[in-house]
Amino acid sequence: MYVVLMAISIEIFDTTDDLARHVISLLTSAIVEIPADQTFSLVLSGGRTPKLIYRHIASICKNTIDWTRMKIFWGDERCVDPRNPESNYKMAREILLDHIPIPSSNIFRIRGEADPVEESIRYSDLFPLNVKVQQGILQPDFIMLGLGEDGHTASIFPENIELFSSEKLFETAEHPVTGQKRITATGKIINHAKRVVIVATGEAKADVVEKIIKQLDGFDRLPAARVQPEKGAAIWLLDRAAARKLHF
Ligand code: 6PG
């Protein structure tokens, strides 16, 4: 099912396998659009939801994507050691990166073990050196985002939604419940990407999906509602459980 609202397109899938396969079709069609001599910048999300997607990419795209062209970044990272089970890098490494022929020099890990402020500056500096500028805008080719039950995306939480409009590319943040330090992309990365895909699955996301998509009271105070790409629409990929309250 496909519905377009404001600058959002919504696709709802019967199974998470179908959703994962659709992410792959979006990714591969985005890669085909880029001249073969150019690199492709892919910004990964953390959390649980992307795991199935990364498993599908690892098994289906190992030999169908030219990984030497791909540059891998993260939209956010927990400020923990890369061996820590909380690490978004560790998750992507174990599920995806260790299973595809991607040169290690193409993987730009956010150093969770470093000083958060220093690392946010380092990462903000390296990003423009590796991502194309299109019409004066630093434009990652593809960013995958998750959605928290509180409406956060990347590691921009409602409590620090002002990070969305930061002049910096990456900022430090703090999980409002655990206090865990994070490093997060800001709106300058998220809304400048050429393809912006938000993935949400499961019953637990149904309320926040409804609040944002139907623009219910207070929706505009949720960071994920600020995902409004400069060019094109944010692509929301949902399973039936997460879309349960949309009634399209
Ligand atoms: C993170 C993510 C975060 C995540 C949402 C949804 O580092 O945790 O970047 O934004 O996408 O919290 O997480 P789940 O997929 O685990 O529900």
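Think of each chain on its own: its residues are numbered from 1, step by step along the sequence as written. Local features in this predicted model are restricted to residues of pLDDT 70 or higher, and side-chain atom pairs are both shown and tallied only at a pLDDT of 80 or more, whereas totals for entire chains, interfaces and linings draw on every residue. Only hydrogens and water are removed before side-chain values are computed, so all heavy atoms of the structure are retained for them.

Participant: Help me understand the overall build of the chain, please; the structure alone is not making it clear to me.
Facilitator: The numbering of helices and of strands both runs from the N terminus, where a helix is a DSSP run of H or I of at least 4 residues and a strand a run of E of at least 2. Helix and strand content of the chain: six helices and twelve strands. Here the chain has a C-alpha radius of gyration of 17 Å; the compact-globule value for 248 residues is 18 Å, and the two agree. With the principal axes as the frame, the chain shows a C-alpha extent of 45 × 40 × 40 Å. Note on exposure labels: buried denotes an accessible area under 20% of the residue type's maximum, exposed denotes more than 50%, and partly exposed covers the range between, all computed with a 1.4 Å probe on protein chains only. A buried classification covers 57% of the 248 residues belonging to the chain. A contact between two residues is defined here by any heavy atoms of the two lying within 4.5 Å. Nonlocal contacts in the chain, meaning residues at least 24 apart in sequence, comprise 74% of its contacts between residues at least 6 apart. A total accessible area of about 10700 Å² is found for the chain, and carbon and sulfur atoms account for 50% of it. In the chain, which carries 30 positive and 33 negative side-chain charges, the distance between the mean positions of the two groups comes to 3 Å. The reference for a compact globule is 2.2 Å times residues^0.38; the radius of gyration itself is calculated from the C-alpha atoms. In short, Shrake-Rupley with a 1.4 Å probe defines the accessible areas, and a residue's cover is counted only from the protein chains shown. Counting rule for charge: Lys and Arg are taken as positive, Asp and Glu as negative, and neither His nor the chain ends is counted. Where a charge lies is defined by one atom per residue type: Lys uses NZ, Arg uses CZ, Asp uses CG and Glu uses CD.

Participant: Looking at this structure, I do not really get the site of the ligand. What am I missing?
Facilitator: A single heavy atom is enough: if one lies within 4 Å of a molecule or strand, its residue is considered near that molecule or strand. Surrounding the ligand, one finds 16 residues, the nearest of these being T49, D76, H152, A154 and K205. Take R48: an N or O atom from its main chain is 2.7 Å from an oxygen atom of the ligand. Here a polar contact means two N or O atoms within 3.5 Å. Within protein one must be a hydrogen donor candidate and the other an acceptor candidate, and residues neighboring in sequence count only if both atoms are side-chain atoms. At a separation of 2.6 Å, an oxygen atom of the ligand approaches a polar backbone atom of A154. The protein chains hide 93% of the 410 Å² of surface that the ligand would expose on its own. Of the residues belonging to the shell around the ligand, the class tally is two nonpolar, nine polar and five charged. Gly counts as polar in this scheme, as do all residues outside two lists: the nonpolar Ala, Val, Leu, Ile, Met, Phe, Trp, Tyr, Cys and Pro, and the charged Asp, Glu, Lys and Arg.

Participant: I would appreciate a short explanation of the environment of R21 in the present structure.
Facilitator: Secondary-structure assignment places R21 in helix α1 (residues 16-33). With 36 residues separating them in the primary sequence, R21 and I57 have C-alpha atoms 8.3 Å apart.

Participant: Would you explain unusual backbone geometry in this entry?
Facilitator: Only a minority of non-glycine residues have a phi that is not negative, and only a minority of peptide bonds are not trans. In this structure, A154 takes a positive phi of about 50° despite not being glycine. Positionally, A154 belongs in the loop between β8 (142-146) and β9 (170-174). For Q215, which is not a glycine, the phi torsion comes out positive at approximately 55°.

Participant: Explain the pattern of salt bridges to me, please; I cannot follow it from the model alone.
Facilitator: Side-chain pairs of opposite charge can arise whenever the charged atoms involved come near each other. By definition, a salt bridge exists where a carboxyl oxygen of Asp or Glu is found within 4 Å of a side-chain nitrogen of Lys or Arg. In the structure shown here, the tally under the stated rule is 18 salt bridges. With a closest N to O distance of 3.9 Å, R182 and D76 form a salt bridge. Placement of R182 in strand β10 (residues 181-185) and of D76 in strand β5 (residues 76-78) is noted, with a sequence separation of 106 residues between them. When the shortest N-O distance is used, the salt bridge between D98 and R93 registers 2.9 Å. One continuous salt-bridge network, built from bridges that share partners, spans E33, K194 and R195.

Participant: Sorry, what's going on with the sheet that holds β10 here?
Facilitator: The strands making up a sheet are joined through hydrogen bonds of the backbone, oriented either antiparallel or parallel. The strand order across the open sheet built from three strands is β5-β10-β9, with neighbouring strands paired in antiparallel fashion. Only two strands of the sheet have a single neighbouring strand rather than two, namely β5 and β9. Taken pair by pair, the neighbouring strands of this sheet meet at an average axis angle of 20°, ignoring direction. Between any two strands, at least two bridges found by DSSP are needed for them to pair. One ladder, built from three bridges, connects β5 with β10; its direction is antiparallel. Note on β10: the bridge partner recorded for R78 is R182. Angular values range over 0 to 180 degrees, each being the angle between N-to-C directions of two axes fitted as lines to C-alpha atoms, with helices fitted over their stretch in contact. Helix-sheet contacts for helix α4 (residues 116-130) involve β9 and β10, and the interaxial angle to β9 is about 150°.

Participant: How should helix α2 (residues 50-60) be read in this particular structure?
Facilitator: Three or four residues apart is the spacing at which side chains of an α-helix point the same way, because the helix has 3.6 residues per turn. Within α2, burial applies to P50, I53, Y54, H56, I57 and A58. Where α2 is buried, its residues meet α1, β3 (40-44), α3 (88-95), β8 and β11 (196-200).

Any link to function would need more than the numbers given here.
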